[in-house]
Amino acid sequence: MPKVPYASYLRVYEPLAAFPEPERSYWAEYAARTDLPTAQDELRAALTSLISVPRRAAPERESGDAFVAEVDGVLCVCPWRTRLRAWRALEEAGHWMMPDSVLDQALPVAARRRAERNHQRWSERNPDARPWIRSALWHVPIRWFTLFDDSERDYRAPGDPGDPGDPGEPEGGRGPGARAAGDVGDADGEGNGHRGVRSVREGATSGQDGRGSGREGGGRASGRADRHGGARAAGNPPGDGEGADAAVPGLRYRTPMVRARQRLARSLRTVRRAAPDGPLVPALTEVGRWMEEFHPRSMVELDYGGLVHTISAEALAVDHSAAEVAEALAALAADDLERAGELYEALTERWTSVRERQFAS
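Description of the structure in this document.

### Here's the deal with the layout of surface pockets
Of the voids in this model, the second largest pocket is the one considered here, and its volume is about 310 Å³. As for the second largest pocket, its lining consists of 15 residues, and the residues nearest its centre are Glu23, Arg81, Ala129, Arg130 and Trp132. Per-class residue counts for the lining of the second largest pocket are seven nonpolar, two polar and six charged.

### Structural notes on the nonpolar core
By size, the foremost hydrophobic cluster in this structure holds 60 residues, and its most contacted members are Phe145, Leu147, Tyr304 and Trp351. Here the element with the most residues in this core is helix α9 (residues 280-292); it accounts for seven residues. Trp351 has contacts with His139, Val140, Ile142, Phe145, Tyr304, Leu307, Ile311, Asp319 and Ser321, leaving out every residue within four places of it along the chain. Formed by 10 residues, the second largest nonpolar core is a distinct cluster that contains Trp87, Leu107, Ala111 and Ala115.

### Here we look at the packing of helix α11 (residues 321-333) against helix α12 (residues 337-355)
Two packed helices can be described by the angle between their axes and the distance between those axes. Packing of α11 against α12 leaves a shortest axis separation of 7 Å and a crossing angle of 155 degrees. Here α11 lies roughly antiparallel to α12, going by the angle between them. Relative to α12, α11 is oriented so that their crossing is left-handed. Seen from α11, the contacting residues are Ser321, Glu324, Val325, Glu327, Ala328, Ala331 and Leu332; seen from α12, they are Leu337, Arg339, Ala340, Leu343, Leu347, Arg350 and Trp351. A breakdown of the residues in the contact of α11 with α12 according to their chemical character gives nine nonpolar, one polar and four charged.

### Some details on the side chain of Arg81
With respect to the helices and strands, Arg81 occurs in the loop between β3 (74-79) and α3 (82-90). Side chain to side chain, Arg81 and Glu23 meet in a polar contact 2.7 Å long. Other than its neighbours up to four places away in sequence, Arg81 contacts Glu23, Trp27, Glu62, Ser63 and Trp132.

Conventions we followed
Residues numbered from 1 in each chain as written. Predicted model: local features only at pLDDT ≥ 70, side-chain atom pairs only at ≥ 80, totals over all residues. Heavy atoms only, no water. 1 Å grid on protein atoms, 1.4 Å probe; cavity = no way out; pocket = protein on both sides within 12 Å on 5 of 7 lines; lining within 4 Å. Points joined across faces, edges and corners; volume = space filled by probe spheres on them. Nonpolar A, V, L, I, M, F, W, Y, C, P; charged D, E, K, R; others polar. Core = buried A, V, L, I, M, F, W, Y, C linked by side-chain atoms within 4.5 Å. Buried < 20%, exposed > 50% of the residue type's maximum accessible area, 1.4 Å probe, protein only. Helix = DSSP H or I, 4+ residues; strand = E, 2+ residues; numbered from the N terminus. Contact = heavy atoms within 4.5 Å. Axes fitted to C-alpha atoms, helices over the stretch in contact; angles between N-to-C directions. Parallel < 35°, antiparallel > 145°, perpendicular 65-115°, else oblique. Left-handed = near helix turned anticlockwise from the far one by under 90°. Polar contact = N/O pair within 3.5 Å; in protein donor to acceptor, adjacent residues only side chain to side chain.

This is the structure in structure tokens:
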């Protein structure tokens, strides 16, 4: 049975051409390996670091591993950058839903302060560094869905083999301190949905997707997109390998970076016109800035990850959240505020119900 956090993931796979030497040659040689690690391998490493002595809030060394995919015949990699993501996660420690006493036991203050100093020194030498992976605990941020089309939805029913594989992803388990072991988060301040039919202008200012604290990554995709959004998995897709559980469903979206950027730009124009002062505007803007940092022939992937362990297989099979977001934005663009509000309300209430399961005993 895979060990999984209840989290979703947004990943960017960049072509080798995006990396300078000698890193480019390193990844080319790395991708040719026959024993590429999987998501479960990273998860095991992250969990192991939590019980190290002395206790560490972040790995001492950066990970040299990555997820590998082939996009229209071009080899692309998504570096784990576990240490960087652990450092970024520590910046959000104040938002973790746990008492200080529990946090201090899981990650002692001295360990956190040491990691913060290391991060500061490293950042002075690498001011433009950013992770290739973002995560969100107990939900998928609504703004992530704006990057994808329903035709790029890739659902694996329970019992089906192959991609999308084991949905349990590695990016930091979600117990006390586990997030800091390898994950930059994406806190977004989503609210509890809305009661009754309201204008989406009101919804856009209510807190849903209101704050993006992660650092996240547009251009021209080559070739024709297949059902994975123009990408064919190769090497070590996150769900492959030891520990994959075909009895568990999986759901992901994949799209070329160019399409993700175009959709985000359209969404941002629509929301700016309808609710220019709402929190969704900076949330979408932040995602756009993250994506600008990556090569135009990259691939963007949204993976439901460990959320499939808290959403029923029946609900997952009919989950078309990206289509609902697109329909709501289309209604908003057409000034059909009532329809946009209805769709937005239904979507936020459904995801709020998923998020509230983190408080179940």
